[in-house]
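These are the residues of each chain, in order.
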Amino acid sequence: MRILVTGGAGFIGSHLIDRLMGEGHEVICLDNFYTGHKQNILKWMGNPYFELIRHDITEPIRLEADQIYHLACPASPIHYQYNPVKTIKTNVIGTLHMLGLAKRIKARILLASTSEVYGDPELHPQQEDYWGNVNPIGIRSCYDEGKRVAETLSFDYHRQNNVDIRVARIFNTYGPRMLENDGRVVSNFVVQALQGKALTVYGEGSQTRSFCYVSDLVDGLIRLMNGNHIGPVNLGNPDEYTILELAQTIQAMVNPHLEVQFKPLPQDDPRRRQPDITRARTWLGWEPTIPLKQGLDLTISDFRARLLAEGNDLPTPGTETLATPVVS
Ligand SMILES: NC(=O)c1ccc[n+]([C@@H]2O[C@H](COP(=O)([O-])OP(=O)(O)OC[C@H]3O[C@@H](n4cnc5c(N)ncnc54)[C@H](O)[C@@H]3O)[C@@H](O)[C@H]2O)c1
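Residues numbered from 1 in each chain as written. Predicted model: local features only at pLDDT ≥ 70, side-chain atom pairs only at ≥ 80, totals over all residues.

(A) Molecular detail of the overall build of the protein chain. In terms of regular secondary structure, the protein chain is built from nine helices and 13 strands. By its C-alpha atoms, the protein chain is 60 × 50 × 40 Å across when sized along the principal axes. For the protein chain, buried positions account for 44% of its 328 residues. Long-range pairs, those at least 24 residues apart, make up 80% of the contacts in the protein chain with a sequence separation of at least 6. (Helix = DSSP H or I, 4+ residues; strand = E, 2+ residues; numbered from the N terminus. Buried ≥ 20, exposed ≤ 12 C-beta atoms within 10 Å, placed from the backbone. Contact = placed C-beta atoms within 7 Å.)

Here it is as structure tokens:
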């Protein structure tokens, strides 16, 4: 098949492309390189079955493809809040363009939506028929509400124009190639730990998250795309950890001498987030297989290699000096 991946130079998109290329498909990667990097897809450059197009999806484009994985959108708060109006445009205008393209070329399109559509949920764990508790005017709304509109557009194109859609609600995903500076909790802790700095926990660290390793997530996306159910389907790891537990796990794996530092909670930070993956289990026969420690091990190795390649001097565990004062 010829498969279009928007946001293909990003974290999840590049892992998805690795899988699709490995399965012998022809892949077109569309990206404006806002948070994506050529480095992530470098190994496919020059491959006759791979094509890279620098393009911003807020502008229309004409292409031919059998399937579209629509992932283009910055995923970390630091990046999506940097230019919130652009984030909304990417989610709304960009998704309109991709749905219009899918309609025209009769391609199946999978939208990478998010657990953020549940906002700060009153229901726990979250099932797909829960409508969510989202602040429409907060600083996360450009992303949360943007994705909610993207879902609405997908279902309206489906009902009105028979567009063959799939909607995945992705929960926290982590793994190699996450940006070092994206402010997400796993990358934050791993970088801080490798650099011998205190691990920064917001609030008391009692808020919970689930963490899905990227290869598991990619497997779920491919199953959803090629299955018969349109969704929405939660894709995430139902194992729930407090942020403090995550900090302590990474601390133990990288450097047990590090301190944990507590800072005030940012606005609209959800207290609990855990997917109910009954649908994914029954509809797709999918569930995560990589345990947190194994996934963290692979992630820490990748970050260590990248930090060293960038010329960082990483301390040997036990020899670092802790410059940051501990506040608790
Ligand atoms: N990583 C997660 O934990 C997570 C959780 C829920 C949902 N998602 C969704 O999955 C998708 C991929 O996330 P990710 O973690 O790989 O993020 P990422 O930021 O690494 O990747 C997003 C990619 O989209 C590109 N992009 C952004 N705006 C664009 C535009 N206007 N035109 C063209 N390209 C554009 C970026 O350059 C980047 O390559 C996103 O849609 C995100 O909302 C991710």
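Still to come is the rest of the account.
(B) Seen up close, the site of the ligand. Taken together, 27 residues lie near the ligand, and Gly-7, Gly-10, Thr-35, Gly-36 and Ala-75 sit nearest. Residue assignment for the shell around the ligand shows that the elements contributing at least two residues are helix 1 (11–22), helix 3 (84–105) and strand 5 (108–114). At three residues, the largest contribution of residues to the shell around the ligand is made by helix 1. Of the residues assigned to the shell around the ligand, the class counts are 13 nonpolar, twelve polar and two charged. (Near = placed C-beta within 6 Å. Nonpolar A, V, L, I, M, F, W, Y, C, P; charged D, E, K, R; others polar.)

(C) Summary view of helix 3. The end-to-end C-alpha separation of helix 3 is 31 Å, in line with the 32 Å expected for 22 residues at 1.5 Å each. Of all the bends found along helix 3, the most pronounced is centred on Thr-90 and spans about 30 degrees. Residues of helix 3 that are buried include every one of Thr-87, Thr-90, Asn-91, Gly-94, Thr-95, Met-98, Leu-99, Leu-101 and Ala-102, and no others. Backbone geometry just after helix 3 places Lys-106 at a positive phi near 55 degrees. (Expected span 1.5 Å × (residues − 1). Bend = angle between axes of the 7 residues up to and from the residue.)

(D) Representation of the pairing of strand 4 (residues 67–70) in the model. The alternating pattern of strand 4 places Gln-67 and Tyr-69 and Ile-68 and His-70 on opposite faces, both of which are buried. Alignment of strand 1 (residues 2–6) against strand 4, held across four bridges, turns out to be parallel. Looking across to strand 4, one finds that Val-5 is bridged to Tyr-69. Where strand 4 and strand 5 come together, four bridges link them in parallel fashion. (Pairing = 2+ DSSP bridges.)

(E) Examining unusual backbone geometry more closely. In this structure, the amide linkage connecting His-124 to the following residue, Pro-125, adopts the cis form with an omega of -10 degrees. Positionally, Pro-125 belongs in the loop between strand 5 and helix 4 (141–161). Note the cis peptide between Gly-231 and Pro-232, where omega equals 5 degrees. Within the secondary structure, Pro-232 is located in the loop between helix 6 (214–226) and strand 11 (233–235). Backbone geometry places Lys-106, a non-glycine residue, at a positive phi of 55 degrees.

(F) Inspection of the sheet that holds strand 4 at higher detail. The seven strands are arranged 3-2-1-4-5-6-11 in an open sheet whose pairing can be described as parallel. Edge strands, defined here as strands with exactly one partner in the open sheet, are strand 3 (50–54) and strand 11. Sheet twist, expressed as the average angle between the axes of neighbouring strands with direction ignored, equals 20 degrees. In this fold helix 4 packs onto strand 5 and strand 6 (165–170), with an angle of close to 155 degrees to the strand it touches most, strand 5. (Axes fitted to C-alpha atoms, helices over the stretch in contact; angles between N-to-C directions.)

(G) Main features of the packing of helix 5 (residues 185–194) against helix 7 (residues 243–254). As a packed pair, helix 5 and helix 7 sit with axes 10 Å apart at the nearest point and diverge in direction by 35 degrees. Where helix 5 crosses over helix 7, the handedness of that crossing is right-handed. On helix 7, the residues touching Val-185, Phe-189, Val-190, Ala-193 and Leu-194 of helix 5 are Ile-243, Leu-246, Ala-247, Ile-250, Gln-251 and Val-254. Classifying every residue of the contact of helix 5 with helix 7 by side-chain character gives ten nonpolar, one polar and no charged. (Left-handed = near helix turned anticlockwise from the far one by under 90°.)

(H) Molecular detail of the environment of Cys-142. Examined against the element boundaries, Cys-142 turns out to sit in helix 4. Sequence separation between Cys-142 and Thr-87 is 55 residues; the distance between their C-alpha atoms is 6.0 Å. Among all residues touching Cys-142, those that are not within four sequence positions of it are Tyr-80, Pro-84, Thr-87 and Ile-88.

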